[in-house]
Structure formats: structure tokens, C-alpha cells
Amino acid sequence: MGADHSRPAPPAPRRVRRILVAAVVPLVLGTLVAALLLWPRDAPTPADVSDPARYHGTVTRVVSEACPALPETPEEAPGARPQRCGTVSVRVEDGPAAGQEVVTPMPDGPGAPVVEAGDEVVLVELTDPADPASVTWNIAEHQRGMPLIWLALVFAAAIVVFGRWRGLAALAGLAASFAILLTFVLPGISAGRPPLLVAVVGAALIMFVVLYLTHGVTAQTSVAVLGTLGSLVLTGVLGVVATAATHLTGFGSEDATTLSMFQADVDLHGLLLAGIIIGSLGVLDDVTVTQAATVTELAHANPGLSRLQLYRAATRVGRAHIASTVNTIVLAYAGASLPLLLLLTADSRPVSQILTSEFLAQEIVRSAVATLGLIAAVPLTTGLAAVVTTAGRGRPAADGGTDTTPDPTANALPAATPATRRPAHDRADVLRALGADSSDPTASPAGRRGWPDPDRSTDSAW
């Protein structure tokens, strides 16, 4: 692999770094203290349910048969009649019956796997309670372990090849995010902690670890951290106000209703707010890091830009980013809720009733609140980045230029130098150059003045 061509951001003045440390370190310590106080020490253990034993197997033979004719009944549900009949021979790969070949009925019904010889499947062993010696086998599903492993390897390799060391750091940040979700956020909510508070603390932990691990401990990263944290707090406040105004209870999905049956003490309203916070974090990271990097690159490309000019230029980039990201958020929610949207098309109720029903109003509130927090992240992060980037440089002059007199209270950067202008040429020379034969270097001013060879690209020169 080639070297990493990414250019690190120029270091901020010492006074600015001290201010950022004084702002970020208390937030990190406060997040750690809150995580320790909310840590799920009494999380409920999963219920011990005696599920049937499951083993891996390989299909060796498939025998299809005609399904028997059954009399129709008025109360018969659609799809109740068997569509596929026959037997499947499967060689058991593990467990007490490893090496044996068992015969199972052809999988049938909604969502049943379609198997062929050579497929790797998951077998379920069923024992008759009245006769423990009577054992039957059924095919539950295909084995997906190996394809998922290969997909994960390709995913990780692509990130590392493209991102190099930063891609490797991104993978480490992804692992840390899942570790925090699985060890703190989910067990904390299951243990009865306030879901919104757990989500905010967990999101802050993920943010600190991922941003500093992926982008390094720099002033630019600290600006992104502060912008992300401020936007997360605003998103949480907006979520509380919006869900209260729309009287959402959190029972807007079948999953939430099922969860309430298994864990009656879970606050589903708070769980809805927690989902908004966690779902907003990934997009907020993208926007805040981009805005902080945009301000830094603009200041590096043109050190003469004032703080206000930097803010305006970077905000224009942020507007374009937000315009596409808003569509991304809506489409992401729509893609995850396609079965729900298809169900709506078959609903005979008026559109106004469908839109105001809880299961759809919940998705509208989720998208709107996340988008509002995202929009607020642009001016907040851009303003902080502009202040940090211009701190310590020469003060802007009244005529719009740059006063090169160093600020005695700051570690000033070198004064900006005026941009190099292209050499001016006589109009007649330019016209003769445009009409001359390009093969003769002496027929135009370009050949006499050492301009680039006309057969060579001038992209690098410009």
C-alpha cells in the first residue's frame, strides 16, 4: 500500500489548546462519572427457555413429491395449503448424531428455506414428550456464518486499503461503538435506568472514543467533539418536546409491544427518545468532522481569510452537505420501514388518519428531530472551528486585509502573503498565440517566454 497523503491540520496556538482542553476534559470526566453511576450492575439475566437443540448439517438429497389434495374449508387462511412436499436427506455435521444421515420433511410455508443438494443448513431436533425415544428432524434455516465472515473480511479489507491507518482506526472505533452499546446502553436500559439519560451518556462515550481514535487528538477533532455534543443535547431536548407535543407513548411498533410483554418495566417512551439519540449520532459525527475539516482546509489554502469569511465559506459547504444528508436520513428510515410503508398502501383509512397514527407519527417525529439537530450542528461547529482556526493569527484590518502586527496575547502565526498573480501579457501577443501554429514554439509568445509545452497538460501549472 502507498503512503498516506492526508495532511495533518496545523497545530493551534498554545492558548487555544489550553482552552479546548479546559472545555473537553471536564466533559470527558463527567461522562465517565455518569457512566459509572448508570452502569448496569443488576441487569436481568435472560430467561432460561428450553429451545430445541440445533445442529449443522449438509443436504445430500432432495426428493420432491406432489402435495396431497385437501378439501377446502371456508375459514382456511390464504397460504395455508402446502406448496412444497417431499423429503430432504441431511448429513448431521455436529452433536451426538454427527456423521448420521437423517430424513426431514421438505421445508414449506412463509419464509421457509428452499434447499438443494450441497446446501449447509441448520437442523432442529424435536423429541416427543410422551415418547422420548421418538425423535424427528426439521430444517430451520440456512447456515449463514461463513458468508457473513467473508463479507466482514471484504468490508474490513476495503476500509483498510482505502483508508490505510485511518481506516484501521475507523474499524477500531466501530468495534468500540458496538462494545459500548452491548455492555452499557442495552444492559442499562434493560436494568431499568432512564433510557434517555443512558443513551446520551452512551452516545457521548462513543463520540469521544470514535472521534479521537479515528481523527487523532487535535484541535480540529476537539471542535468536532464539542459541536457533536452540543447538537446531541439539542436533539434530546427537541425529542422530549416533540414526543410530548404529539403524545407518543413508544408503543408504535410491533417490536415495542413484544418487548413490553417480556420486560414490563422498560420505559418505551424513553426508549423511543434513546433511539433518536443513537440514530442521530452517526450522521452528526459526519457533519461536524466535515465542517471542522472544511474550515481548517480553507484557512490553510487562504490564510488571508478573516473569521467571518471562513464561517461564510464553510457554511456554504455545510448547506450543500445538509441538503443531501437530509434526504439520506429520510431514505434510511424509509428503507428500514418498507414493510410498514407497504402496509400503509393497503390501508383503507384516509391519509390524514394514517399519518397521525402513532406508528407513522413516531417515524415522522424521529426524522424531523434528527434533521433539526443535524442542521444545528453546522453553524455551531463551523463557528467554533472558525474561532479556533483564526486564533493567534494577525488581526483583520479595517480595509478587509490582514494586519500583520502580532497579537501580544497569542502565539501568532506568520503573516499572510498576497496571492501570486499570473503574469500579464499584451493583448496582441495573446491573439497571435491563439492563431499561431502550435507546432512552432517560436511562432507564439509561449515559446519565447517559457510557457509549458503545448502538448503537455497544464493542470499542474494552473
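Chemist: How should I be thinking about the environment of Ser-177 in this particular structure?
Modeler: With respect to the secondary-structure elements, Ser-177 resides in helix H2 (residues 145-190). For Ser-177, a relative accessible area of 13% translates into the label buried. Sequence spacing of Ser-177 and Val-209 is 32 residues, and the spatial spacing of their C-alpha atoms is 8.1 Å. Every residue in contact with Ser-177, bar those within four places of it in the chain, is listed here: Ile-206 and Val-210.

Chemist: Could you clarify how one ought to interpret the sheet that holds strand S1 (residues 53-65) in this entry?
Modeler: Spatial ordering of the open sheet is given by S3-S2-S1-S4-S5, a layout of five strands whose pairing is antiparallel. Each end of this open sheet is capped by a strand with a single partner; those strands are strand S3 (101-105) and strand S5 (135-142). The mean angle between the axes of side-by-side strands here comes to 45 degrees, regardless of whether they run parallel or antiparallel. Alignment of S1 against strand S2 (residues 85-92), held across eight bridges, turns out to be antiparallel. Bridge pairing in S2 places Ser-64 opposite Gly-86.

Chemist: What am I meant to see in a nonpolar patch on the surface here?
Modeler: Judged by side-chain polarity, Phe-155, Leu-174, Phe-178, Leu-182 and Leu-186 come together as a nonpolar surface patch covering roughly 490 Å² of accessible area. On the secondary structure map, Leu-182 appears in helix H2. The exposure class of Leu-182 is exposed, given its relative accessible area of 54%.

Chemist: What is the right way to look at the pattern of salt bridges in this model?
Modeler: A pair can form between side chains of opposite charge whenever their charged atoms are brought close. Under the defined criterion, the tally for this structure stands at four salt bridges. With its nearest N and O atoms 2.8 Å apart, the salt bridge here joins Glu-141 to Arg-144. Taking the relative accessible area as the measure of exposure, Glu-141 reaches 28% and is therefore partly exposed. The class of Arg-144 is partly exposed, set by a relative accessible area of 46%. One salt bridge in this structure joins Arg-366 and Glu-363, with 3.5 Å as the shortest N-O distance. Taken as a pair, Arg-366 and Glu-363 lie in helix H10 (residues 358-390) at a separation of three residues, close to a single helical turn. The network of salt bridges with common partners includes Arg-54, Glu-141 and Arg-144.

Chemist: Got a minute to help me understand the confidence of the model for the protein in this structure?
Modeler: The predicted coordinates should not be examined in detail at positions where pLDDT is low. In this model, the protein carries an average pLDDT of 77, and 77% of its residues clear a pLDDT of 70 or more. Long-range and interchain partners of residues 1-6, a stretch whose pLDDT sits below 50, account for five contacts in this model, where long-range means more than four residues apart. Here residues 441-462 is a poorly scored stretch, pLDDT under 50, and it has 16 contacts once near neighbours within four places are set aside; other chains count.

Chemist: Can you help me understand the packing of helix H4 (residues 219-245) against helix H6 (residues 268-301) in this one?
Modeler: Between H4 and H6, the least distance of the axes is 8 Å, while the angle of their chain directions is 150 degrees. On the basis of the axis angle, H4 is roughly antiparallel to H6. The handedness of the crossing between H4 and H6 comes out as right-handed. Tallied by class, residues from the contact of H4 with H6 come to 13 nonpolar, 12 polar and one charged.

Chemist: Would you take a moment to explain helix H1 (residues 14-38) for this structure?
Modeler: Owing to its 3.6 residues per turn, the α-helix aligns residues three or four sequence positions apart on the same side. The terminal C-alpha atoms of H1 lie 36 Å apart, and with 25 residues this matches the ideal 36 Å at 1.5 Å per residue to within 8%. All of the buried residues in H1 are Val-16, Leu-20, Val-24, Thr-31, Ala-35 and Leu-38. Along its buried surface, H1 packs onto H2, helix H3 (195-215), H4 and H10.

So, how was this worked out
- Residues numbered from 1 in each chain as written.
- Predicted model: local features only at pLDDT ≥ 70, side-chain atom pairs only at ≥ 80, totals over all residues.
- Heavy atoms only, no water.
- Helix = DSSP H or I, 4+ residues; strand = E, 2+ residues; numbered from the N terminus.
- Buried < 20%, exposed > 50% of the residue type's maximum accessible area, 1.4 Å probe, protein only.
- Contact = heavy atoms within 4.5 Å.
- Pairing = 2+ DSSP bridges.
- Axes fitted to C-alpha atoms, helices over the stretch in contact; angles between N-to-C directions.
- Patch = residues over 30% accessible without salt bridge, like charges linked within 9 Å, V, L, I, M, F, W, Y side chains within 5 Å.
- Areas by Shrake-Rupley, 256 points an atom, 1.4 Å probe, with all protein chains shown as cover.
- Salt bridge = Lys/Arg side-chain N within 4 Å of Asp/Glu carboxyl O.
- pLDDT = per-residue confidence, 0-100.
- Parallel < 35°, antiparallel > 145°, perpendicular 65-115°, else oblique.
- Left-handed = near helix turned anticlockwise from the far one by under 90°.
- Nonpolar A, V, L, I, M, F, W, Y, C, P; charged D, E, K, R; others polar.
- Expected span 1.5 Å × (residues − 1).

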